[in-house]
Amino acid sequence: MFASVYARDGQLYSASVTSTNPPDHGESVRASRTWWDTEAVEYHDEHGDFLGAHSPDGEFVWCPEGLHEGDWALLGDVAGRDVLEVGCGSAPCSRWIAGRGARAVAVDLSAGMLREGAEAAGRSTGPAARVPLIQADAGRLPFAADSFDVVFSAFGAIPFVADTAGVMAEAARVLRPGGRFVFSVNHPMRWIFRDDPGPEGLVAAFPYFDRTPYTEYDEEGDLTYVEHHRTAGDRIRELVGAGFVVRDLIEPEWPEWLDREWGQWSPLRGSIFPGTAIFVATLP
């Protein structure tokens, strides 16, 4: 699920912060579950075709720049391997790798998103129909240690989790020695700019080092949406702290063929600075 750092309607991230205490893990989980349950249908109406989410056998698009796993093979050869997708949304990526021989398992916090995935998979006559879809918190994965060869997340879970170091530790726990962990997120430098795909989104406006999360609250003061900022260095330290070796950091360039805007992502901004960061790491 790709989402903008400074969310809807061009609001500045500070405009909707009404609490002096950043939301903790539990608050973030509750807000994200409710948000994505509510938005699941509309999200797929708007973005499902680009993601291949409506396809029974899925597609694997890493980011709004359109980088496809079939071209980059960031997960390596998945045939015959146990692969876990964290924050799967409607799991088009897991359906796609199942068609390449992976024993895929997909987890997401949102039952609404998983229902979208189950509906799509129900139209498949191939391996995609057999991908387990499990509702779970990325920080508390319901799997034994050393269960998987690969763990990945394509804009799922990580931007919405308060304790991202805990998510890295969970990924390391469920991976077997030599396992691979790959995830894509908003590029950390995007936190500097307004959520605007046009010229206003080219002006640095916010401190990169301010890790105050973007939050939205309803009229009763309940948290309804949250995204958490980490710097590139934070991400690397989280990975190393969990025992990973960082193998690559991919910053996709905007492709000439893509004229689509997606929230803060646009050809204008993408031609100047990266919108996505993809971290590739392995366990010793």
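Small disclaimer: the values here were computed from a predicted structure and weren't measured.

Enquirer: Hey, could you go over the overall build of the protein chain for me, with residue numbers and the actual values?
Expert: Helix and strand content of the protein chain: seven helices and nine strands. For the protein chain, the C-alpha atoms occupy an extent of roughly 45 × 40 × 40 Å along the three principal directions. Within the protein chain, the fraction of its 284 residues that count as buried is 58%. Counting contacts in the protein chain only where the partners sit at least 6 residues apart, residues at least 24 apart contribute 75% of the total. For the protein chain, the exposed surface amounts to about 11700 Å²; the carbon and sulfur share of it is 51%.

Enquirer: Describe in detail the side chain of aspartate 137, supporting the description with residues and values.
Expert: Relative to the elements of secondary structure, aspartate 137 occurs in the loop between strand S3 (133-135) and strand S4 (148-154). At 2.8 Å, the side chain of aspartate 137 and the side chain of histidine 25 are in polar contact. Residues within four places of aspartate 137 in sequence aside, it is in contact with His25, Val29 and Leu109.

Enquirer: Any chance you could break down the UniProt feature "domain: Methyltransferase type" (unreviewed entry) in the protein chain for me, citing the residues and the numbers?
Expert: Mapped onto this numbering, the UniProt entry gives "domain: Methyltransferase type" (unreviewed entry) at residues 84-183. Helix makes up 29% of residues 84-183 and strand 28%. Its end C-alpha atoms lie 12 Å apart.

Enquirer: Lay out the packing of helix H1 (residues 25-51) against helix H4 (residues 111-121) with the relevant residues and their values.
Expert: Interhelical geometry of H1 versus H4 gives an angle of 40° and a closest axis separation of 6 Å. Packed against H1, whose contacting residues are Trp36, Asp37, Ala40, Val41, Tyr43 and His44, the element H4 presents Ala111, Gly112, Met113 and Glu116 at the interface. Residues belonging to the contact of H1 with H4 are distributed by class as follows: six nonpolar, two polar and two charged.

Enquirer: Can you explain the sheet that holds strand S9 (residues 276-282)? Please cite residues and give values.
Expert: Across the sheet, which stays open at both edges, the seven strands sit in the order S3-S2-S1-S4-S5-S9-S8 with mixed pairing between neighbours. Each of the sheet's edge strands pairs with one partner strand only, and the pair in question is S3 and strand S8 (245-250). Looking at each pair of strands side by side, their axes are set apart by 20° on average, direction ignored. The sheet contact formed by strand S2 (residues 103-108) and S3 spans three bridges and is parallel. Counted as the bridge partner of aspartate 108 is glutamine 135 from S3. Docked against the sheet, helix H5 (residues 164-174) engages strand S1 (82-86), S4 and strand S5 (175-186), running at close to 150° with respect to S5. Strands S5, S8 and S9 of the sheet are contacted by helix H6 (residues 232-241), whose axis makes an angle of about 20° with S9.

Enquirer: Which residues make up the nonpolar core, and what are the values?
Expert: Membership of the largest hydrophobic core comes to 44 residues, with the highest contact counts inside it found for Phe60, Trp62, Leu75, Ile97 and Phe152. Counting only elements with at least two residues in this core, the list comes to H1, helix H3 (92-98), S2, H4, S4 and S9. In terms of residues, this core owes the most to one element, H1, which gives six residues. Not counting chain neighbours up to four residues away, the residues in contact with phenylalanine 60 comprise Leu67, His68, Glu69, Leu75, Cys93, Trp96, Ile97 and Phe152. Core analysis: the next-biggest nonpolar cluster, separate from the first, contains 29 residues, Ala138, Ile158, Phe183 and Leu283 among them.

Enquirer: Just give me the short version of the packing of aromatic side chains, but keep the residues and values in it.
Expert: Within this structure, the stated rule accounts for 18 aromatic pairs. Between phenylalanine 143 and phenylalanine 148, the ring centres sit 5.1 Å apart and the planes meet at 90°, which makes this aromatic pair edge-to-face. For phenylalanine 148, a relative accessible area of 5% puts it in the buried group. Residue placement shows arginine 260 over the ring face of phenylalanine 50; its charged tip is 4.8 Å from the ring centre.

About the cut-offs
- Residues numbered from 1 in each chain as written.
- Predicted model: local features only at pLDDT ≥ 70, side-chain atom pairs only at ≥ 80, totals over all residues.
- Heavy atoms only, no water.
- Helix = DSSP H or I, 4+ residues; strand = E, 2+ residues; numbered from the N terminus.
- Buried < 20%, exposed > 50% of the residue type's maximum accessible area, 1.4 Å probe, protein only.
- Contact = heavy atoms within 4.5 Å.
- Areas by Shrake-Rupley, 256 points an atom, 1.4 Å probe, with all protein chains shown as cover.
- Polar contact = N/O pair within 3.5 Å; in protein donor to acceptor, adjacent residues only side chain to side chain.
- UniProt positions renumbered as here; feature names shortened; annotations may be inferred.
- Axes fitted to C-alpha atoms, helices over the stretch in contact; angles between N-to-C directions.
- Nonpolar A, V, L, I, M, F, W, Y, C, P; charged D, E, K, R; others polar.
- Pairing = 2+ DSSP bridges.
- Core = buried A, V, L, I, M, F, W, Y, C linked by side-chain atoms within 4.5 Å.
- Phe/Tyr/Trp six-rings, centres within 6.5 Å; stacked < 30°, edge-to-face > 60°.
- Lys NZ or Arg CZ within 6 Å of the ring centre and 35° of its normal.

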